[in-house]
Amino acid sequence: MESNIPNQELITSKLAEAENLLEEEEEFHHLNNPADGIKPIIKKYLGTPNHADQLGNKFYFTDGDAKVEVVVVTDEIIRIRLAPHGVFLEEFSYAVPKLEHKATAFTLYEDEIEFRVATKSINCHIRKQDFFISFSDNNNHITSTDAVPMHWEENVKFGGYYVFCTKTCHTDESFFGLGDKPTEFNLRGKRLKNWNTDAYSFAWNQDPLYRSIPFYISVNEGIAHGIFFDNTFKAQFDFGAEDSTKTSFWADGGELQYYYIHGPHMMDVVKSYHILTGTHPMPPLWALGYHQCRWSYYPEAKVKKITRGFRENKIPCDGIYLDIDYMDGYRCFTWNRKYFPDPKKMISELAADGFKTVVIIDPGIRVDDNYEVFKQGKENRYFCRRCDDYFMEGHVWPGRCQFPDFTNPEVRTWWGGLFDELVQMGVAGVWNDMNEPAVFGAGTFPDDVRHQYDGFRGSHRKAHNIYGMQMVRSTYEGLRNIMKNKRPFTITRAGYSGVQRFSSVWTGDNVASWEHLKLGNIQCQRLSISGIPFCGTDIGGFSGEPDGELFTRWIQMGAFSPFMRAHSAGDTKEREPWSFGEPFTAINRKFIELRYRLLPYLYSTFWEHHRYGFPILRPIVMHEQDVKLNHFRQDEYTYGDKILVCPVMEAGQIQRNVYLPKGKWFNFWTYEIIEGGKEVTVPTPLDTLPVFIKAGSVIPEYPVMQYVGQHEIEEVKLNIYYTDYEVNSFLFEDYGETFAYEQDIYLEKKFVVDGNLRKLTISQSMEGLYTPRYEGYHLNLIGLPFKPAKIIADGKAVNDFTINTDGTVEFKFSKNFKYIEILK
Ligand code: MIG
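Please read all numbers here as calculations on a predicted model, not as lab measurements.

Overview of the overall build of the protein
Part 1 of the argument: Looking only at helices and strands, the protein has 13 helices and 54 strands in total.
Part 2 of the argument: By the compact-globule yardstick of 28 Å for 824 residues, the protein fits well, its C-alpha radius of gyration being 29 Å.
Part 3 of the argument: Each of the three principal axes of the protein carries a C-alpha extent, and together these read 105 × 70 × 50 Å.
Part 4 of the argument: Counting across all 824 residues of the protein, residues that qualify as buried make up 61%.
Part 5 of the argument: Pairs at least 24 residues apart make up 68% of the contacts formed inside the protein by residues separated by at least 6 positions.
Part 6 of the argument: Positive and negative side-chain charges in the protein, numbering 90 and 111 respectively, have mean positions lying 6 Å apart.

Re the UniProt feature "domain: Glycoside hydrolase family 31 N-terminal" (unreviewed entry) in the protein
Part 1 of the argument: Here, the residues flagged by UniProt with the feature "domain: Glycoside hydrolase family 31 N-terminal" (unreviewed entry) are residues 68-238.
Part 2 of the argument: Helix makes up 0% of residues 68-238 and strand 45%. Its end C-alpha atoms lie 23 Å apart.

Observations regarding the packing of aromatic side chains
Part 1 of the argument: Under the criterion given, the structure shown has 68 aromatic pairs.
Part 2 of the argument: Centre to centre, the rings of F406 and Y467 are 5.3 Å apart; their planes meet at 65°, and the pair counts as edge-to-face. Pair noted here: F406 is in the loop between β26 (399-402) and α6 (409-417) and Y467 is in helix α8 (residues 460-483), with a separation of 61 residues, a long-range link.
Part 3 of the argument: Looking at Y467, the relative accessible area reads 0%, which means it is buried.
Part 4 of the argument: One aromatic cluster is present, built from ring pairs that chain together F333, F374, Y382, F383, F403, F406, W414, W415, F419, F445 and Y467.

Side note on empty space enclosed by the protein
Part 1 of the argument: A full pass over the atoms with the stated rule returns five cavities of 30 Å³ or more.
Part 2 of the argument: Put simply, the largest cavity is a space of about 70 Å³.
Part 3 of the argument: Along its surface, the largest cavity is lined by 13 residues, and D362, P363, G364, V396 and P398 are the ones closest to its centre.
Part 4 of the argument: Its residues assigned to classes, the lining of the largest cavity shows eleven nonpolar, one polar and one charged.

Brief notes about the pattern of salt bridges
Part 1 of the argument: For the structure shown, the criterion picks out 52 salt bridges.
Part 2 of the argument: Two residues, E393 and R400, come together in a salt bridge whose shortest N-O distance is 2.6 Å.
Part 3 of the argument: Classification of E393 by relative accessible area gives partly exposed; the value is 28%.

As for the environment of H778
Part 1 of the argument: Looking at where H778 falls in the secondary structure, it is placed in strand β49 (residues 776-782).
Part 2 of the argument: Distance from H778 to F811, taken between C-alpha atoms, is 6.0 Å for residues 33 residues apart in sequence.
Part 3 of the argument: Sequence-distant contacts of H778, that is, excluding residues within four places in its chain, are made with E715, V716, K717, L718, E810, F811 and K812.
Part 4 of the argument: Within the structure, the side chain of H778 is placed 2.6 Å from the side chain of E810, a separation counted as a polar contact.

As for the site of the ligand
Part 1 of the argument: Neighbouring the ligand are 13 residues, the closest being D323, D433, R493, D509 and H567.
Part 2 of the argument: One of the side-chain N or O atoms of D323 is found 2.5 Å from an oxygen atom in the ligand.
Part 3 of the argument: Within the contact set of the ligand, an oxygen atom lies 2.9 Å away from a side-chain nitrogen or oxygen of H567.
Part 4 of the argument: The protein chains hide 95% of the 350 Å² of surface that the ligand would expose on its own.
Part 5 of the argument: A per-class count over the shell around the ligand returns eight nonpolar, one polar and four charged.

A closer look at the sheet that holds strand β4 (residues 67-72)
Part 1 of the argument: Strands sit in the order β2-β3-β4-β5-β20-β17-β16-β13 across an open sheet of eight strands; the sheet is antiparallel. Edge positions in the sheet fall to β2 (51-55) and β13 (174-177), since each of these pairs with one other strand and no more. Averaged over all neighbouring strand pairs, the angle between strand axes comes to 20°, with direction disregarded.
Part 2 of the argument: Sheet analysis places strand β5 (residues 77-83) next to strand β20 (residues 256-262), joined by six bridges and oriented antiparallel. Bridge pairing links I78 to Y260 in β20.

Definitions and limits used
- Residues numbered from 1 in each chain as written.
- Predicted model: local features only at pLDDT ≥ 70, side-chain atom pairs only at ≥ 80, totals over all residues.
- Heavy atoms only, no water.
- Helix = DSSP H or I, 4+ residues; strand = E, 2+ residues; numbered from the N terminus.
- Rg over C-alpha atoms; globule rule 2.2 N^0.38 Å.
- Buried < 20%, exposed > 50% of the residue type's maximum accessible area, 1.4 Å probe, protein only.
- Contact = heavy atoms within 4.5 Å.
- Lys, Arg positive; Asp, Glu negative; His and termini not counted.
- Charge placed at Lys NZ, Arg CZ, Asp CG, Glu CD.
- UniProt positions renumbered as here; feature names shortened; annotations may be inferred.
- Phe/Tyr/Trp six-rings, centres within 6.5 Å; stacked < 30°, edge-to-face > 60°.
- 1 Å grid on protein atoms, 1.4 Å probe; cavity = no way out; pocket = protein on both sides within 12 Å on 5 of 7 lines; lining within 4 Å.
- Points joined across faces, edges and corners; volume = space filled by probe spheres on them.
- Nonpolar A, V, L, I, M, F, W, Y, C, P; charged D, E, K, R; others polar.
- Salt bridge = Lys/Arg side-chain N within 4 Å of Asp/Glu carboxyl O.
- Polar contact = N/O pair within 3.5 Å; in protein donor to acceptor, adjacent residues only side chain to side chain.
- Near = heavy atom within 4 Å.
- Areas by Shrake-Rupley, 256 points an atom, 1.4 Å probe, with all protein chains shown as cover.
- Pairing = 2+ DSSP bridges.
- Axes fitted to C-alpha atoms, helices over the stretch in contact; angles between N-to-C directions.

Right, dumping it as structure tokens:
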């Protein structure tokens, strides 16, 4: 029967169904008076799980209406999802590009009290009485447990649900992570929000800032676990702020979907988080050098004056930045020809002098029918539109602008292609700013702006937090495509979890104050453990005026930040490393040189990140999480795992206390050996800062150069610190600028150092297909407790070695050595 009228039977059964629902939900609209039956919207909680189903590594539990999915991702990672009325959203995440299923084994158990999904390492318990979800390790130790069942609230205005999860917060539990939050390192007692925000001259405790990283690590009773709440909507986290016994997180929409990531060490959690969200690709080696930026260096003569200043002052520098004034009326992908008549020539001249040019590109495209980028975007309908199909328009630097929808893959490809001309001109890197997205006056886009969202559609409520990340993704992928086998450098202000696959970040518009130096230190450590390894602050402070001392202290911290760039706002005084005169210039030079000497160490640490998911900066608590006091240390950190640094963050400070984790440490400047596990007082005259090297380390060193690649490296210095227990070190080498490492063309060297009062031994092993061009090492032994009489390298005596007055011992030997003994 071809009819639109449903038959009576169907109507009757539908009515019966509706009545059942009415009983359960009491939200049914009575036909005779629809308004009567509407109850105020209330939060709904999961009922009791009455059923469990298994589908491969996915387990489903339901209370008859709502459904909970438990996915075993790896032995240590379990994902939880909630569907309030039993229907899950389609699987899609910008943060987790591919959900790998790597668990070795998993089983579902059931008894009177609970269902339990067990992997090799952890258990997920679903309690029958109340649907509480909890996690435990192999020793029956409960690490995380619901304080109330997962819940939700219908969103009448936009559809969908506000979703909530509340867990028990323990008296001694500490919390870390969440990206760039400008507050104490330990987040215990705080409530924080994720909504990318342009926060010019942000203040201590201001929230939210530029990035949204919905990932935190808990440490309780010495055991760490992580929660990654992969939800792009505006989200909040409460770490025992409202109620000291509860930790909650919730979002304005999307799914209640989170990953439980087991430790037991913080490092395990971070590494697993990188399994989900990916790591940073290897940067070009030059990008680990020093970068000089300002809003803005123009015209060309000014740029040249600055770069010349570096070479004349013999202060190494690799990156030079062009901020918005290089463009024609702030139109992206154009040049102001009055200021820069021949950009290609200028960039190639800069390159000949070792400078890599990085240009800023913002998302706002000027509405101007004579402007090619706007015309293309308009023709192809690449710009974002409002709910009623009007274009999203707002004012930014170029004036009235429209904004590409970077959540559309076609738009990303188009945008990526726009870099072709810049790359042909020789541009080596791109800086994405204002991509929260920032709009003058309004702050950002209105909620109703629509996004293609890679085919999964959404309003700005859903796309806001990932807009910047998709912009820099489009930038990175475009550059990569155009540059072929050369590594692009990208830097972004906004981001979401996973942004590290495409870009480095800086902490945004900070202020030239001692407080901001402290904040920057915390922010970089926090970003590092939140999956964003390549981070730095505007050295000197973006707004305001640092004095010479503050600037120098900032350079010192910057020398031990993963990303090192000085930047300043346009209305400030000159801000180059020589701008403050002596003694500052000399000290700034000394630390920038140190940065360059340690490049092979930083580069190896970067490889450890890229390949194995280690962060570059490691807070003290990450080394010794079982010591409660360490949960509150936020000044000192290690740079890689061998170098401990404590920035000096107060004016006029001539000494300060530094905590050293257990083990033996060498004072980098004096070679004094100190037993760790305690605080020590360290003198901090302006030309030094507390730096310590772990005993047994092999710290590789390059000769100082004015820029990466200035000279062929002729030998690598290995600084070998004495130890009386075995210590491993690594050195990673490759071409430094190609993607050959993806084809295994690299060399991973491992050094093992051990010693006693009569001898020190160093062994070296290598893996990989790369052959560095230098031939020899210059070995420098530090802290030997004896005067060496004999050195035997690969079975042969080394006769030519020097014993210096400071006790160090130097000699040269082939880079291919396997085993060296230094004997009393
Ligand atoms: O509205 O491009 O954070 O680094 O120099 C200010 C000009 C826009 C903000 C960035 C800053 C940059 C500045 N930008």
